[in-house]
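Now for the letters of each chain:
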Amino acid sequence: MDVGCGEGRLGRVLASSGHRVVGFDASMTSVRAAATHPEGHPVALADAVRMPLADDVADLAIAFMSLHDFDELPAAVAEVARVLVPGGRFCIALLHPALTARLVDGYAAERRYSFTVQNAGLEMTYEETHRPLGAYFDALETSRFVVESLREPVAVRDDGRPVVNFLHVRGRLLGR
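The rules behind these values
- Residues numbered from 1 in each chain as written.
- Predicted model: local features only at pLDDT ≥ 70, side-chain atom pairs only at ≥ 80, totals over all residues.
- Heavy atoms only, no water.
- Helix = DSSP H or I, 4+ residues; strand = E, 2+ residues; numbered from the N terminus.
- Rg over C-alpha atoms; globule rule 2.2 N^0.38 Å.
- Buried < 20%, exposed > 50% of the residue type's maximum accessible area, 1.4 Å probe, protein only.
- Contact = heavy atoms within 4.5 Å.
- Areas by Shrake-Rupley, 256 points an atom, 1.4 Å probe, with all protein chains shown as cover.
- Phe/Tyr/Trp six-rings, centres within 6.5 Å; stacked < 30°, edge-to-face > 60°.
- Pairing = 2+ DSSP bridges.
- Arc of directions from axis to C-beta.

Enquirer: It is not clear to me how the overall build of the protein should be interpreted in this structure. Could you clarify?
Expert: Broken down by element type, the protein carries five helices and eleven strands. Relative to the compact-globule value of 16 Å for 176 residues, the protein shows a C-alpha radius of gyration of 16 Å, a close match. For the C-alpha atoms alone, the extent of the protein along its principal axes is close to 45 × 40 × 25 Å. Out of the 176 residues in the protein, the part that is buried amounts to 39%. At a minimum sequence separation of 6, the contacts of the protein that also span at least 24 residues come to 60%. Accessible surface computed for the protein: about 9,800 Å², of which carbon and sulfur atoms make up 53%.

Here it is as structure tokens:
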């Protein structure tokens, strides 16, 4: 299950590796792009807090660069827990809160922010929410996830200094 699947890129990678994937996104434009891609997989228009799946039907959920976009973080994580089988995994990749704190001028409080990127003559504006690490881990713990892995990939800036821009978390759902 790809939660906040966007145009379906990650789902296509997983499907090409033999996984059965269904993607969900709240953007009709993204769902349409995912559904009409020549290598597409099943997708549906759905809010992350109300996915049209039965309980206990998925063994893996992924939120790749989407969890920080969800307005109702605890409810979205609880919905993932509802759909996963006990022992199922939830893999998360997001902008590191240490990075997003610089965009909102502070770490501790949740705050909306936006930034614009220009590339090859195109402009895209992102609107997201900065949350401290505790907000993500509280949502996981409340929904019965145990964190199995936490990674902070280090990149090297042009000036040679290391920087951490991303956070990767893998949680396992405890039994009911």
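From this point, the narrative continues.
Enquirer: What is the right way to look at the packing of aromatic side chains in this model?
Expert: For any pair of aromatic rings, the description rests on two quantities: the centre-to-centre distance and the angle between the ring planes. Counted according to the given criterion, the structure contains three aromatic pairs. Where Tyr113 meets Phe115, the ring centres are 6.1 Å apart and the plane angle is 15°; that geometry is what we call stacked. Its relative accessible area of 7% is what places Tyr113 among the buried residues. With relative accessibility at 26%, the residue Phe115 sits in the partly exposed group. Connected via pairs of aromatic rings, a cluster forms that spans Tyr113, Phe115 and Tyr126.

Enquirer: Looking at this structure, how should I read the environment of Ala109?
Expert: Looking at the element boundaries, Ala109 is found in the loop between α4 (97–104) and β6 (111–119). The exposure class assigned to Ala109 is partly exposed, which follows from its relative accessible area of 33%. In sequence terms Ala109 and His130 are 21 residues apart; their C-alpha atoms lie 7.8 Å from each other. Once residues within four sequence positions are removed from consideration, Ala109 is found in contact with His130 and Pro132.

Enquirer: Would you mind going over the pairing of strand β4 (residues 58–64) with me for this structure?
Expert: A regular strand carries its side chains on alternate faces of the sheet. Here β4 pairs with strand β5 (residues 84–95) via six bridges, running parallel. Residue Ala58 lies in a different strand from β5, and its bridge partner there is Leu84.

Enquirer: Mind showing me how you'd approach the side chain of Ser143 here?
Expert: Here Ser143 lies in the loop between α5 (133–142) and β8 (145–151). Filtering out sequence-adjacent residues up to four positions away, Ser143 remains in contact with Pro74, Val77, Ala78, Ala81 and Leu173.

Enquirer: Is there a simple way to think about the pairing of β6 in this case?
Expert: Pairing analysis gives nine bridges linking β6 to strand β7 (residues 122–130), with the strands arranged antiparallel. Pairing of Arg112 across the sheet is with Thr129, part of β7. Hairpin remark: β6 followed by β7, antiparallel, with two residues in the connecting loop; positive phi at Ala120, about 50°.

Enquirer: How should helix α2 (residues 28–36) be read in this particular structure?
Expert: Because the α-helix completes a turn every 3.6 residues, residues three or four places apart line up on one side. Considered for burial, the residues of α2 that qualify are Ser30, Val31 and Ala34. Along the axis of α2, the buried residues cluster in a sector spanning 95°; they form a single face. Within α2, the exposed residues directed more than 90 degrees away from the buried face are Thr29 and Thr36. On the buried face of α2, the contacting elements are β2 (23–25) and β3 (43–45).

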